[in-house]
Structures are given as structure tokens and as C-alpha cells.
Amino acid sequence: MKGEPVPLGATCYHAAPGFMRHLQAELGEVYRVDGELLTAMGPERRAFWTRNVWRKPFTAEFGSVGEAAALLSSIQRNWAPCPVKFARRTVLIGERLPHFPDRPKAFPFALPSAPMGAFTLLDEHTLLASADCSSPWPNGEFSFVEDREGPPSRAYRKLWEALVMAGSMPGPGQRCIDAGACPGGWTWALAGLGAEVTAIDRSPLDDSVMAMPGVSFLKHNAFTLKPSDLGPADWLFSDVICYPPALFDWIGQWLESGLARNFVCTIKMQGEDWDRATTERFAAIPGSRVLHLWHNKHELTWILIRDKPGATQG
Ligand SMILES: C[S@@+](CC[C@H](N)C(=O)[O-])C[C@H]1O[C@@H](n2cnc3c(N)ncnc32)[C@H](O)[C@@H]1O
């Protein structure tokens, strides 16, 4: 019926930019493909290479652009247009909806509490939309207010994003190990939070990062250092370029040792393909999750957080 949302009984997966092929391989056969939006029947399945997942998509028929905007607004405030077919009309509907702040965000900040929906058009008079989406950002996309002078690389943005998504971050005096630290973007970000950072790499850090208070540097292959060589850490970070199984084995040693509490590691994919088996093994570690962050490239981020703000350490 016109103006009534009709549940689709499906899930829509919006591919991470450039990784449509990986997402297609994860989902197999799908019900429909609209640009980089894949619709598969049934409830949400685990898929890593997404920028956003539309969890409860519905279709709705409408007459005018104003009617479409009114229909969406009657459900919730925030909706991100996802222009595919009838792109201009999709944007026009977006322009009739309440504006939401999309300026670069200054780190740190809390995840927005208001839900962000997404919509597109299947034809001139049919919306495909979901109020419930996995990402709090419009189409999974956002940017930080960047520091263009302090950090020696832009890699700090994906660390910031991981910490925002985790809802937790190292505090003053906490000990962090940063493996694969050169030139020092992550170490710069961690030292900037007041943490004590042991940075490990085969190559030296940028001098400006090396000189930051709380930073010490170990020129070494991280994976030949045992947890007992490095001692207890509140946070273990790794951005080492390596085959995923090498990282998994090293992280396994840390988990077994109980010497680190919180983890943020990039799982870097080599060549054109991706290591699904090792990614699944990371994702199966209790309490952890694997995400493709907006600032990730051909890599995924594994996050295990045990210390939430206000939680008592056990
Ligand atoms: C992507 S870069 C890290 C960028 C860094 N996170 C930043 O913010 O500037 C990857 C680093 O891993 C280092 N690396 C590769 N294999 C390593 C290993 N086995 N042990 C320690 N570092 C390693 C490389 O030397 C390189 O500096």
C-alpha cells in the first residue's frame, strides 16, 4: 500500500569502498545488487567487508519527493541518502530531510546516540530504506579534524577510529605496546593520550615521536619477542605488515599469557586476495570483533576491549 513500509525479510550490505569483490565472495548468491549495495534474503550474516549493513530494510511506495521525505521523517530523524539509481531524486529527498552534522570530528568523541538510517530508490516511486543500520555514520563514512603537523603518518586516523568504535582508550600512565610502530603515527596518538608507549619496529621512529614524553623504542622483530620479554601491558597494538597467521600466532601467545588486557590490531591482507580463514579465527576470540573501519584500506581491524570506562579491572 502506498506510504506503508513493507519489510523486505532481507539484509542489505553496503560494500567497503573498493572491496565489493570481497563482499560478494563472503555473501555468495544474493537477491539483488544495486551499485555497491548487496541485498541477501534472511537475517544479518557476518560479513567483514562492509561500510554499513542495513539490518531491517523495507520498501515503501511514494508519490512526490516531499512524500518520501515525510515518510522517512515519520520513522526517525536521521537518514543518509545512498544514491544508486535515480541518484538525483535520492539526493533531492535527502535535501528535504533534517540536516545532521557531517563536519570532520575532533578526537576524542563519543559515538552518536541517535540512530542513522539509510535509503535509496529502487525506482522513481519506491524507497528501499532501513532505520536500523550497523554504522552510526552516514553510509559508514566520516572524517576527523586532522593534525597535519604532529604525526609522521596518517595511520593515526584508523587508530583513533578503532578507539572511538571501542568506546575506550588508553589513559595517562597506562602501558601500551605498539608493534610495527614506524614511522610513529599510532605511537604519536597514544603518547598524546598520556600513555607510556613501548614502540617496536625494525626501522626507527620519526625523531619528533621518539622525543615525546613516555615513548621508548625497541628495534626488534616484534614476533620474536615473547610476552614475558615485554611484560604486562594495558593495551597491545599491532599495525605490523605481515601474513595474518603470523599475527594470530603472536596474539595467541599474549592471550595465553594473560599479560595484555586490551587489543587493537590490523589484519593486513596480502596481494589481491584476503585470508578469510584467519579472519574467522580472530573473530571467534570471545568478546572480540573484526571490523572494516572507514580509515582501513586492504585490512581489517581486530578489537578486544576488556576495560570499558568506569569498569573495575579484574
Ligand atoms: C603500516 S607500517 C606501521 C605504521 C604505523 N602504525 C604508524 O602509525 O606510523 C608497518 C610497519 O610494520 C613494520 N614491521 C614489519 N614486520 C615487522 C616485524 N616482524 N616486527 C616489527 N615491525 C615490523 C614495518 O617496518 C613498518 O614500519
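Per chain, residue numbering runs from 1 following the sequence as it is written. Where totals are concerned, whole chains, interfaces and linings use all residues; where local detail is concerned, this predicted model gives features only for residues with pLDDT of at least 70, and gives and counts side-chain atom pairs only at 80 or more. The side-chain quantities take in all heavy atoms of the structure and omit both hydrogens and water.

### Quick look at the nonpolar core
Within soluble globular proteins, side chains that are nonpolar tend to cluster in buried spots. Under the convention used in this document: What is meant by a nonpolar core is a set of buried Ala, Val, Leu, Ile, Met, Phe, Trp, Tyr and Cys residues, joined one to another through side-chain atoms within 4.5 Å. Here's how the labels work: a residue is buried when its accessible area is under 20% of the maximum for its type, exposed when over 50%, partly exposed in between, all with a 1.4 Å probe on protein chains only. Here a strand is any run of E in DSSP of at least two residues, a helix any run of H or I of at least four, and the numbering for each starts at the N terminus. For the domains described, the bounds stem from an automatic or database domain assignment. Any two residues whose heavy atoms approach within 4.5 Å are treated as being in contact.
One finds I251, F282 and W302 to be the most contacted residues of the largest nonpolar core, which totals 41 residues. With five residues, the top contributor of residues to this core is helix α8 (residues 244-257). Looking at which domains feed residues into this core, each of domain 1 (6-140) and domain 2 (156-304) supplies at least three. In this view, F282 contacts P244, L247, F248, I251, I267, S288, V290 and W302; residues no more than four positions away in its chain are not counted. Ranked by size, the runner-up nonpolar core spans 35 residues in total, among them L163, C176, M212 and L293.

### Notes on the sheet that holds strand β5 (residues 50-54)
We count it as follows: For two strands to pair, DSSP has to find at least two bridges joining them. Only the contacting stretch of a helix is used when fitting its axis, a line to C-alpha atoms as for every element, and angles between N-to-C directions run 0 to 180 degrees.
With antiparallel pairing, the four strands of this open sheet are ordered in space as β3-β4-β2-β5. Two strands lie at the open edges of the sheet, namely β3 (32-34) and β5, each paired on one side alone. For this sheet, the mean angle separating the axes of adjacent strands, direction not counted, is 20 degrees. Bridging between strand β2 (residues 10-15) and strand β4 (residues 37-41) involves five bridges; their strand directions are antiparallel. Bridge pairing links C12 to T39 in β4. Each of β2, β3, β4 and β5 is contacted by helix α1 (residues 20-27), which is oriented at about 155 degrees to β2, the strand it contacts most.

### Digging into the side chain of K105
Applicable threshold: Neither His nor the chain ends is counted toward charge; the positive residues are Lys and Arg and the negative residues Asp and Glu. Counted as salt bridges are all cases of a side-chain nitrogen of Lys or Arg within 4 Å of a carboxyl oxygen of Asp or Glu.
Relative to the helices and strands, K105 is located in the loop between α3 (87-96) and β8 (116-123). This buried residue, K105, is left without a salt bridge; D102 holds the nearest opposite charge, at 7.5 Å. Contact partners of K105, with chain neighbours within four places excluded, come to W137, F142, S143, F144 and V145.

### Examining the site of the ligand
Note the cut-off: Throughout, the term near means that a residue has one or more heavy atoms lying within 4 Å of the molecule or strand in question. Within 3.5 Å is the distance limit for a polar contact, defined as a pair of N or O atoms, with the added protein rule that one can donate a hydrogen and the other accept it, and that residues adjacent in sequence qualify only through two side-chain atoms. For every accessible area listed, the method is Shrake-Rupley and the probe measures 1.4 Å; residues are considered covered only by the protein chains on display. In this classification, the charged set is Asp, Glu, Lys and Arg, the nonpolar set is Ala, Val, Leu, Ile, Met, Phe, Trp, Tyr, Cys and Pro, and all remaining amino acids, among them Gly, are polar.
What surrounds the ligand is a group of 17 residues, the closest being S153, D201, N221, A222 and D239. The contact in question runs from an oxygen atom of the ligand to an N or O atom on the side chain of S153, over 2.9 Å. If the ligand stood free it would expose 600 Å²; the protein chains cover 85% of that surface. When the residues that make up the shell around the ligand are grouped by side-chain class, the tally is eight nonpolar, six polar and three charged.

### Some points on the pairing of strand β6 (residues 58-61)
Across two bridges, the pairing between strand β1 (residues 6-7) and β6 is antiparallel. By the bridge assignment, P7 is partnered in β6 with F58. Examined bridge by bridge, β6 and strand β9 (residues 126-130) share four bridges and lie antiparallel to one another. Across the sheet, residue A60 finds its bridge partner in β9, namely L127.

Everything listed here is a matter of geometry and, on its own, says nothing about what the molecule does.
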